[in-house]
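Residue-level listing of the chains:
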Amino acid sequence: MTAPSTDDLGVRLHAADNVVVAAREIPEGTVVGGVPARRAIPRGHKVAVAGIAEGEPVRKYNQIIGFATVPIAPGDHVHTHNVEFRAFERDYAVGADVTETRFVPEAERATFQGIVRPDGKVATRNYLGILTSVNCSATAAKMIADQFRRPGLLDEFPNVDGVVALTHGTGCGMADDGEGIAVLRRTLAGYAEHPNFAGFLMLGLGCEVNQIRGVSEGWRLDPSRPVATMTIQEQGGTVATVRAGVEALKAMLPQANEVSRQTVPVSELVLGLNCGGSDAYSGITANPALGAAVDILVRHGGTAVLGETPEIYGAEHLLTRRAVSPEIAEKLVERIKWWEEYTAKNNGSMDNNPSPGNKAGGLTTILEKSLGAVAKGGTTNLTGVYKYAERVTAKGFTFMDTPGYDPVSVTGIVAGGATVMCFTTGRGSVLGTKPTPSIKLATNTEMYERMSGDMDVNCGVILSEGESVQAVGERLFQFILDTASGRKTFSEELGFGQEEFVPWQLGAVM
């Protein structure tokens, strides 16, 4: 993407675009992009700078974001009232944009202060967890975790970040084989194996479809990691279970506390990329800045994981062009086709996204939203494509098939091994991703200032103060290293991250 040109009123993202984005509210008659606005244009919304005939494409980022449903005159407000989503052919041009990655020499690569586990995995946090096999054990799990929030209980264990209960709404009323239970078990396995857990308790009811024995088959756990399992029925009820669960976790605390941070290369970092509550500035400020940080991370040997398949729809051709092999590109295209069939089967459309909040922020179609969303992935080669919650093993920039619904998406990415999460937002989403820290990136200064207790980094300075995308990306990269080294994010300080564990529920509920 070429560098955007800006004035005080509008942002043109490419010279070939026939719309510009309002940098602030534009009164009727005000000249923006060389043409007078024919009506007031809300901030973040688009104004036509050329005539667009009915049926012709609307272009932003020099890409198609929709098609005019009526003739659009220069100066018109361009949005859902005169633009619609239509399917169109994309040139996947596999590998056309693959380039040689210019890696930083190993002796010069960035480092952070991480926690090295006995099996060699590197953690950024040090939690004890409570995982649940079924929704029926959720309340008891939360009761156990609540006991460790009482003053004084963790005072003797300063290296333990806390005890977190990750509960969910399924685990029974489902088939005992097939895709639904496979996804759930893969998600739970990803959290059980996650380096940010020093140990955990697996809690079930006892009679559920998703039996603990089946859940734990195939787990790749370090033998030294403390693990306990129990069911409410075997323990004799809720009160006895809470008591036994607390005692089991207390027994793990001394070992969990015996950690210290040490200097490790950034190649050990796995960075999750997600967005939520997007606005028209997401693709101009926060997402490109995060992409710049990802490019730096990859050049230093690290790994980044982009998700939200419905939110790259219409822009997936930009990723296939970066795929290092036809097989990787085909994996991505196959997931796109799966989503087209999945939404059609459920009487939906890929354009059901954007959300009302996205549209209020100026995003008109899924095509426009996707083009901004893929900017989070930077510019380096696509080295891997993974199923939901599948363990990410490739280095470099990768993709995971996740839904666009934020809690479900980030759950899959963390299960895949992400040890830091970056979350861009324009409307002001609040979200945590325990046991992984979540960094909130604001797309605009106005929202950042209004929600300063939730937003960690203001990428809005790219527009409000004229900072370059690269400069903000470099600052963000350092913020990521600081967070990986133990700096608390606002979502951590506020206690977010327990309720946002939401595995993707597939298959019939019976």
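So, here's what we can say about the structure.

What counts and what doesn't
Residues numbered from 1 in each chain as written. Predicted model: local features only at pLDDT ≥ 70, side-chain atom pairs only at ≥ 80, totals over all residues. Heavy atoms only, no water. Pairing = 2+ DSSP bridges. Helix = DSSP H or I, 4+ residues; strand = E, 2+ residues; numbered from the N terminus. Salt bridge = Lys/Arg side-chain N within 4 Å of Asp/Glu carboxyl O. Buried < 20%, exposed > 50% of the residue type's maximum accessible area, 1.4 Å probe, protein only. Contact = heavy atoms within 4.5 Å. Axes fitted to C-alpha atoms, helices over the stretch in contact; angles between N-to-C directions. Phe/Tyr/Trp six-rings, centres within 6.5 Å; stacked < 30°, edge-to-face > 60°. Lys NZ or Arg CZ within 6 Å of the ring centre and 35° of its normal.

This part covers the sheet that holds strand β17 (residues 262–265). One open sheet accounts for three strands, arranged β12-β11-β17; its pairing is antiparallel. One side of each edge strand has no neighbouring strand; the edge strands of this open sheet are β12 (122–123) and β17. Sheet topology note: the strand β11 (residues 111–116)/β12 ladder contains two bridges and is antiparallel. Note that in β12 the partner of valine 116 across the bridge is valine 122.

On to the pattern of salt bridges. Scanning the model with the defined rule gives 17 salt bridges in all. For glutamate 311, the salt bridge is made with lysine 369, and the minimal N-O distance between the two is 3.2 Å. A residue pair is termed long-range when its members are at least 10 positions apart, and glutamate 311 in the loop between β19 (303–306) and α7 (316–320) and lysine 369 in helix α10 (residues 366–373) qualify at 58 residues. According to the relative accessible area criterion, lysine 369 is buried, its value standing at 8%. A salt bridge links arginine 475 to glutamate 467, with the shortest nitrogen-to-oxygen separation between them at 3.0 Å. Taking the relative accessible area as the measure of exposure, arginine 475 reaches 39% and is therefore partly exposed. For glutamate 467, a relative accessible area of 26% corresponds to the partly exposed category.

On to unusual backbone geometry, then. The phi torsion of most residues other than glycine is negative, and most of the peptide bonds are trans. Cis peptide bonds are those with omega within 30 degrees of zero, and the linkage from lysine 434 to proline 435 qualifies with 10°. In this structure, proline 435 sits in the loop between β22 (420–425) and β23 (438–442). With phi around 60°, tyrosine 61 is a residue other than glycine that occupies positive phi space. Within the element layout of this structure, tyrosine 61 appears in the loop between β7 (57–60) and β8 (63–68). When its relative accessible area of 8% is taken as the criterion, tyrosine 61 is described as buried.

The next subject is the environment of glycine 507. Among the secondary structure elements, glycine 507 is positioned in the segment after α15 (490–494). The spacing of glycine 507 and glutamate 217 is 290 residues in sequence and 21 Å in space, taken between C-alpha atoms.

For the rest of this paragraph, the subject is the sheet that holds β7. In space, the three strands of this open sheet follow the order β7-β8-β10, with antiparallel pairing throughout. Each edge of the sheet is formed by a strand with only one pairing partner; in this case those strands are β7 and β10 (83–84). Both β7 and β8 contribute to a ladder of four bridges, which runs antiparallel. Bridge pairing links lysine 60 to glutamine 63 in β8. Along the sheet face, α10 touches β7 and β8 and points at about 165° away from the line of β8.

Considering all chains together, one arrives at ten aromatic pairs under this definition. Considering the side-chain rings of phenylalanine 85 and tyrosine 313, the 6.2 Å spacing of their centres and the 45° angle between planes classify their relative orientation as tilted. Of this pair, phenylalanine 85 sits in the loop between β10 and β11 while tyrosine 313 sits in the loop between β19 and α7, placing them 228 residues apart in sequence. Residue classification places tyrosine 313 among the buried residues on the basis of a relative accessible area of 4%. With a centroid separation of 5.4 Å and an interplanar angle of 70°, the aromatic rings of tyrosine 388 and tryptophan 504 are classed as edge-to-face. Residue tyrosine 388 is found in the loop between β20 (382–386) and β21 (396–400), and its partner tryptophan 504 is found in the segment after α15; the two are separated by 116 residues along the sequence. The exposure class of tyrosine 388 is buried, given its relative accessible area of 2%. Among the aromatic residues, those joined into a ring-pair cluster are Trp338, Trp339, Tyr342, Tyr388 and Trp504. Over the ring of tyrosine 313 we find arginine 90; its NZ or CZ atom is 5.0 Å from the centre of that ring. When the ring centre of phenylalanine 423 is taken as reference, the NZ or CZ atom of lysine 440 above it lies at 5.9 Å.

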